[in-house]
Amino acid sequence: MPSWGHLPEDERWGLVHYIKSLAAKPWTVPPAVVPPGEGQSGQGVIHVPPAPPFTAEARKLALERYADACASCHGPTGKGDGGEDQKDDSGYPTRPRDLTVGVFKGSPDPAHLYRRIVAGIPGTPMPMSDWAWGAEAWHLVNLIRSWSSDSQRERAEMREFRLVARRVERVPEHPDAGAWRVTPPVNLHLMPLWWRSDRPEELTVRALHDGRQIALLLTWSDGTHDHTAMRPQDFRDAVAVQFALTPDPPFFAMGSRARHVNIWMWKSERQADLEPAFQDLEKVYPNLGIDSYPNSTVSAVEQPTRQALTLGSDPVFVTGWGAGNIVSDPLRKSPTEDLVAQGFGTLRARPRADQAVDGRGVYATGTYRVMLRRDLAGPGVQAVTLTPGTTVPVGFAVWNGSAGDRDGKKSVTIWQDLVLEP
Ligand code: HEC
């Protein structure tokens with residue numbers, strides 16, 4: 001669920017009323033009743049009393065209560081690894097998420113947590129409390145909040161940032177160019193579209209332009225360098241930036257039918273293919289058997305690489321290449337693809353002649369640094385054209401291959417503002 005915090009307040013209230021109108025019957029709230037004693041339930045709107053101080057003694061009390069009433073599901077340290085088998089109301093297995101990573105389905109705001117602990121979460125195993133009202137519920141709120149930091153909780157919130165592409169004499173040619181060191185970074189918040197606790201949390205973006213070209217430097221942490229897609233079980237790391245072609249952007253997930261988006265994507269295995277020691281099938285499959293093809297002029301036995309298998313052939317017999325598919329092109333020079341999308345499932349490459357995005361990615365000490373560069377004026381009608389002095393909506397996506405990310409399984413930002421200095 002992305003954040004819609006950037007919409008005007010009256011639009012957000014409009015959405016609240018619309019969503020409530022979807023309920024089959026009108027929602028009525030019974031008069032507020034505080035549970036009269038332990039073992040009895042309350043009802044109605046929960047009154048949140050003022051928070052008592054979270055003293056060492058309060059913490060001790062909270063830890064005892066937690067061990068007693070919460071740990072069987074939430075785990076002894078709140079990591080969501082309790083022993084109790086849990087199912088939601090439809091009978092599907094479910095688990096509470098890791099409370100130490102600072103991500104809450106509702107808000108991490110103390111009063112909101114208070115209400116959730118007191119009322120439970122209908123439809124899920126999270127029970128309504130029949131005792132933890134008042135001071136004790138507050139101690140539990142404070143205990144749970146003490147397991148994550150403000151900065152963790154802040155990163156979990158999807159926000160719109162302003163990325164300023166400063167104007168320089170000449171844009172850099174490499175991710176390690178000195179110019180990047182003096183370019184101010186902006187840390188964008190990412191969220192995985194398939195939830196998991198181990199996820200890339202931030203993407204750092206720097207942008208420069210020189211009136212002719214724009215360059216973006218994208219930096220993020222990833223513990224593994226997944227740069228091959230040779231085996232069916234391998235998925236590679238990647239990053240992409242999506243541009244809206246109008247100031248009022250379309251649906252942020254791949255655009256919409258009438259309003260397409262232009263996407264520049266960098267893939268780690270395409271980068272590896274371009275390095276001098278390109279990927280060797282024989283290393284992955286030492287006992288590989290290779291057919292010889294009558295149309296091939298190069299002996300694949302000596303050099304069983306993608307280049308050897310295709311370059312010595314007539315493109316007519318290498319059908320993807322022959323059909324103009326940029327993925328099969330053995331002569332490609334860039335590890336990036338220039339793509340276009342008009343909603344889910346419509347992603348496609350722009351014509352080979354219009355592939356104008358240059359890229360270079362480096363992986364070292366657990367960090368990717370990927371630079372994307374293109375002329376401000378885009379070739380062809382579906383390419384974004386960037387004009388100094390204007391603002392363009394941009395979105396970003398990161399794939400972590402070792403976590404099984406591919407296609408729509410990725411971590412994304414919401415729309416951001418890219419401002420090009422005049
Ligand atoms: C029977 C299992 C169970 C018990 C007992 C339980 N919880 Fe939960 N709790 C869950 C589940 C499952 C969820 C996740 C519900 C969802 O969002 O799908 C959850 C969610 C929560 C959340 C909300 C997190 C968010 O994302 O906003 C908080 C806070 C919480 N529990 C605190 C507690 C506390 C404190 C106790 C003890 C007083 C407790 N829980 C007892 C199963 C349990």
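Residues numbered from 1 in each chain as written. Predicted model: local features only at pLDDT ≥ 70, side-chain atom pairs only at ≥ 80, totals over all residues. Heavy atoms only, no water.

**What about the overall build of the protein chain?**
Counting its regular elements, the protein chain contains 10 helices and 14 strands. Projecting the C-alpha coordinates of the protein chain onto the three principal axes gives extents of approximately 85 × 55 × 45 Å. Burial status across the protein chain gives 41% buried among its 422 residues. Sequence-distant contacts, at least 24 apart, represent 63% of the contacts inside the protein chain between residues at least 6 apart. For the protein chain, the exposed surface amounts to about 22700 Å²; the carbon and sulfur share of it is 56%. In the protein chain, 46 positive and 50 negative side-chain charges are present, and the distance between their average locations comes to 3 Å. (Helix = DSSP H or I, 4+ residues; strand = E, 2+ residues; numbered from the N terminus. Buried < 20%, exposed > 50% of the residue type's maximum accessible area, 1.4 Å probe, protein only. Contact = heavy atoms within 4.5 Å. Areas by Shrake-Rupley, 256 points an atom, 1.4 Å probe, with all protein chains shown as cover. Lys, Arg positive; Asp, Glu negative; His and termini not counted. Charge placed at Lys NZ, Arg CZ, Asp CG, Glu CD.)

**Focus: the domain arrangement of the protein chain**
Each domain of the protein chain was delimited in the assignment, giving domain 1 (44-155) and domain 2 (162-420). On the domain 2 side, the residues contacting the five residues of domain 1 number six residues. Across the interface of domain 1 and domain 2, roughly 610 Å² is buried in total on both sides, 50% from carbon and sulfur atoms. Applying the counting criterion to the domain 1 and domain 2 interface returns one salt bridge. (Domains from an automatic or database assignment. Buried area = accessible area lost by both parts, 1.4 Å probe. Salt bridge = Lys/Arg side-chain N within 4 Å of Asp/Glu carboxyl O.)

**Description of the layout of surface pockets**
Counted as a void, the largest pocket has a volume near 1500 Å³. Forming the walls of the largest pocket are 46 residues, and the residues nearest its centre are Met1, Phe104, Lys105, Gly106 and Ser107. Per-element accounting of the lining of the largest pocket gives the leading share, six residues, to helix α1 (residues 9-21). Classifying every residue of the lining of the largest pocket gives 23 nonpolar, 10 polar and 13 charged. When we break the lining of the largest pocket down by domain, the ones giving at least three residues each are domain 1 (44-155) and domain 2 (162-420). (1 Å grid on protein atoms, 1.4 Å probe; cavity = no way out; pocket = protein on both sides within 12 Å on 5 of 7 lines; lining within 4 Å. Points joined across faces, edges and corners; volume = space filled by probe spheres on them. Nonpolar A, V, L, I, M, F, W, Y, C, P; charged D, E, K, R; others polar.)

**So, the coordination of the iron atom of the ligand**
Here the iron atom of the ligand is held by the protein donor atoms His74 (NE2) and Met126 (SD), which lie 2.0 to 2.1 Å from it. Between the six donor atoms coordinating the iron atom of the ligand, the angles at the centre fall across 86 to 178 degrees, so the site counts as octahedral. Of this pair, His74 sits in helix α3 (residues 71-74) while Met126 is found in the loop between α4 (110-119) and α5 (135-146), placing the two residues 52 residues apart along the sequence. His74 gets classed as buried once you look at its relative accessible area, which sits at 15%. Judged by relative accessible area, which is 25%, Met126 ranks as partly exposed. (Donors = N, O, S within 2.8 Å, 3.2 Å for Na, K, Ca; no water. Tetrahedral: all angles 85-135°; square planar, octahedral: opposite > 155°, others 65-115°.)

**Side note on the environment of Ser151**
Structurally, the position occupied by Ser151 is in helix α6 (residues 150-155). Since its relative accessible area comes to 41%, Ser151 is described here as partly exposed. For the pair Ser151 and Gly102, spaced 49 residues apart in the sequence, the C-alpha separation amounts to 8.6 Å.

**Structural notes on the packing of α4 against α5**
The angle between the axes and the distance between the axes are what describe a pair of packed helices. Remark: α4 packs on α5, axes separated minimally by 9 Å, with the N-to-C direction vectors making an angle of 120 degrees. As summarised for this structure, α4 and α5 are arranged oblique, according to the angle between their axes. In terms of crossing hand, the pair formed by α4 and α5 is right-handed. Residue-level inspection shows Pro110, Ala111, Leu113, Tyr114, Ile117 and Val118 of α4 in contact with α5, the latter providing Ala137, Trp138, Leu140, Val141, Ile144 and Arg145. Taken together, the residues that form the contact of α4 with α5 break down as 11 nonpolar, no polar and one charged. (Axes fitted to C-alpha atoms, helices over the stretch in contact; angles between N-to-C directions. Parallel < 35°, antiparallel > 145°, perpendicular 65-115°, else oblique. Left-handed = near helix turned anticlockwise from the far one by under 90°.)

**Looking at the side chain of Asp222**
By the secondary structure assignment, Asp222 is in the loop between β5 (213-221) and β6 (238-244). Arg196 provides the closest opposite charge to the buried, unpaired Asp222, separated from it by 7.9 Å. A polar atom in the side chain of Asp222 sits 3.0 Å from the backbone nitrogen of Thr224. Apart from residues no more than four positions distant in its own chain, Asp222 is found in contact with Asp237, Tyr363, Gly366, Thr367, Tyr368 and Asn400. (Polar contact = N/O pair within 3.5 Å; in protein donor to acceptor, adjacent residues only side chain to side chain.)

**What to know about the packing of helix α2 (residues 56-69) against α5**
Relative orientation of the contacting elements α2 and α5 amounts to 90 degrees, with a least axis distance of 9 Å. Put simply, α2 runs roughly perpendicular to α5. Judged by residue contacts, Ala58, Arg59, Leu61, Ala62, Leu63, Arg65 and Tyr66 of α2 engage Glu136, His139, Leu140, Leu143 and Ser146 from α5. Considering only residue class, the contact of α2 with α5 consists of seven nonpolar, two polar and three charged.

**A word on the site of the ligand**
The ligand sits among 21 residues. The nearest are Cys70, Cys73, His74, Arg116 and Met126. At 2.7 Å from a nitrogen atom of the ligand is found a side-chain nitrogen or oxygen belonging to His74. Lys105 is positioned such that a nitrogen or oxygen atom in its backbone is 2.6 Å from an oxygen atom of the ligand. At a threshold of 2 Å from the grid points, most atoms of the ligand map onto the second largest pocket. Of all the elements in the fold, those that place two or more residues in the shell around the ligand are α3, α4 and α5. Taken together, the residues of the shell around the ligand break down into 13 nonpolar, four polar and four charged. (Near = heavy atom within 4 Å. Sits in = over half its atoms within 2 Å of the grid points.)

**Considerations on α1**
Taking 1.5 Å per residue, 13 residues should reach 18 Å; α1 reaches 19 Å between its end C-alpha atoms and fits that length. In terms of residue burial, α1 counts as a barely covered element, since only zero of its 13 residues are buried. (Expected span 1.5 Å × (residues − 1).)

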